[in-house]
Amino acid sequence: MDDYPALNLFWTMLWLFLWILWFFLMFKVLTDIFRSHDMGGWGKAGWTVFVIVLPYLGVLVYLIARGKEMGRRDRAVAAKAESDFQDYIRKAAGTQDQNTGPRHVEELARLADLKTTGAISQEEFDRAKQKLLA
């Protein structure tokens, strides 16, 4: 390694990074193809063959043709995961009395604390309060 210039090392690392980045993008496109519910089996098969046989062209054409739907699916999955996580937090933070069920005063105090810390919005607080007092 003594005779390998620093600039060559830089270019080698750059090409290695770009190669890894390309594989990440190709696998992301392949998973999106199979995650898509608006495409039939033959469409998925065609895109898969296109991406595998002509990887550079296939991925670029897929991103141009279906990039917006790919982004929408990613946002929908992220929103669903966030919603599930928030529901889990609300469920786990609940105060339950074994005999009488939830105690209204403690629940209202907990909701007020969540609102002041920013864990829930004003709308979520109002909905939860109305549900609790109903």
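We now turn to the structure provided with this report.

Conventions adopted
Residues numbered from 1 in each chain as written. Predicted model: local features only at pLDDT ≥ 70, side-chain atom pairs only at ≥ 80, totals over all residues. Heavy atoms only, no water. Helix = DSSP H or I, 4+ residues; strand = E, 2+ residues; numbered from the N terminus. Rg over C-alpha atoms; globule rule 2.2 N^0.38 Å. Buried < 20%, exposed > 50% of the residue type's maximum accessible area, 1.4 Å probe, protein only. Contact = heavy atoms within 4.5 Å. Areas by Shrake-Rupley, 256 points an atom, 1.4 Å probe, with all protein chains shown as cover. Core = buried A, V, L, I, M, F, W, Y, C linked by side-chain atoms within 4.5 Å. Axes fitted to C-alpha atoms, helices over the stretch in contact; angles between N-to-C directions. Parallel < 35°, antiparallel > 145°, perpendicular 65-115°, else oblique. Nonpolar A, V, L, I, M, F, W, Y, C, P; charged D, E, K, R; others polar. Expected span 1.5 Å × (residues − 1). Phe/Tyr/Trp six-rings, centres within 6.5 Å; stacked < 30°, edge-to-face > 60°.

### Let's talk about the overall build of the protein chain
Stage number 1. From N to C terminus, the protein chain includes five helices and zero strands.
Stage number 2. The secondary structure elements of the protein chain, listed N-terminal to C-terminal, are α-α-α-α-α.
Stage number 3. For 134 residues, the compact-globule estimate of 2.2 N^0.38 gives 14 Å, and the protein chain exceeds it by more than 25% at 25 Å.
Stage number 4. Counting only C-alpha atoms, the protein chain reaches 75 × 50 × 25 Å along its principal axes.
Stage number 5. Counting every position in the protein chain, which comprises 134 residues, the buried fraction comes to 20%.
Stage number 6. Sequence-distant contacts, at least 24 apart, represent 41% of the contacts inside the protein chain between residues at least 6 apart.
Stage number 7. Total accessible area on the protein chain is roughly 10300 Å²; 67% of this is exposed by carbon and sulfur atoms.

### Side note on the nonpolar core
Stage number 1. Core analysis: the largest hydrophobic core is formed by 11 residues, namely W22, M26, V29, L30, I33, M39, W47, V51, V59, Y62 and M70.
Stage number 2. In terms of residue count, helix α1 (residues 6–35) provides more of this core than any other element does, five residues in total.
Stage number 3. If near-sequence neighbours (up to four positions away) are discounted, L30 is found in contact with T48 and V51.

### Comments concerning the packing of helix α2 (residues 41–53) against helix α3 (residues 55–92)
Stage number 1. Viewed as axis vectors pointing N to C, α2 and α3 meet at an angle of 135°, and their least axial separation amounts to 5 Å. The angle between the axes of α2 and α3 places the two elements in the oblique class. Every residue of α3 that contacts α2 at W47, F50, V51, I52 and V53 is listed here: P55, L57, G58, V59, V61, Y62, A65 and R66.
Stage number 2. The residue inventory of the contact of α2 with α3, partitioned by class, reads 11 nonpolar, one polar and one charged.

### Considering the environment of A112
Stage number 1. Turning to its location among the elements, A112 is positioned in helix α4 (residues 104–117).
Stage number 2. Using a relative accessible area of 28% as the deciding quantity, one classes A112 as partly exposed.
Stage number 3. When the C-alpha positions of A112 and K129 are compared, they lie 9.4 Å apart, and in sequence the two are 17 residues distant.

### Thoughts on the side chain of T48
Stage number 1. With respect to the helices and strands, T48 occurs in helix α2.
Stage number 2. The contact partners of T48, leaving out residues within four places of it in the chain, are L30, I33 and F34.

### Points about α1
Stage number 1. Counted at 1.5 Å a residue, the expected span for α1 with its 30 residues is 44 Å, and the 43 Å between its end C-alpha atoms agrees.
Stage number 2. Taken together, the buried positions of α1 are W22, M26, V29, L30, D32 and I33.
Stage number 3. Against α2 and α3 lie the buried residues of α1.

### Looking at the packing of aromatic side chains
To describe a pair of aromatic rings, you give the distance between the ring centres and the angle between the ring planes.
Stage number 1. Counted according to the given criterion, the structure contains six aromatic pairs.
Stage number 2. Each ring, one from W47 and one from F50, has its centre 6.1 Å from the other, and the planes form 50°; the classification is tilted. In this pair, W47 and F50 both sit in helix α2, three residues apart, roughly one turn of the helix.
Stage number 3. Owing to a relative accessible area of 24%, F50 belongs among the partly exposed residues under this scheme.
Stage number 4. Pairwise contacts between aromatic rings join W19, F23 and F27 into one cluster.

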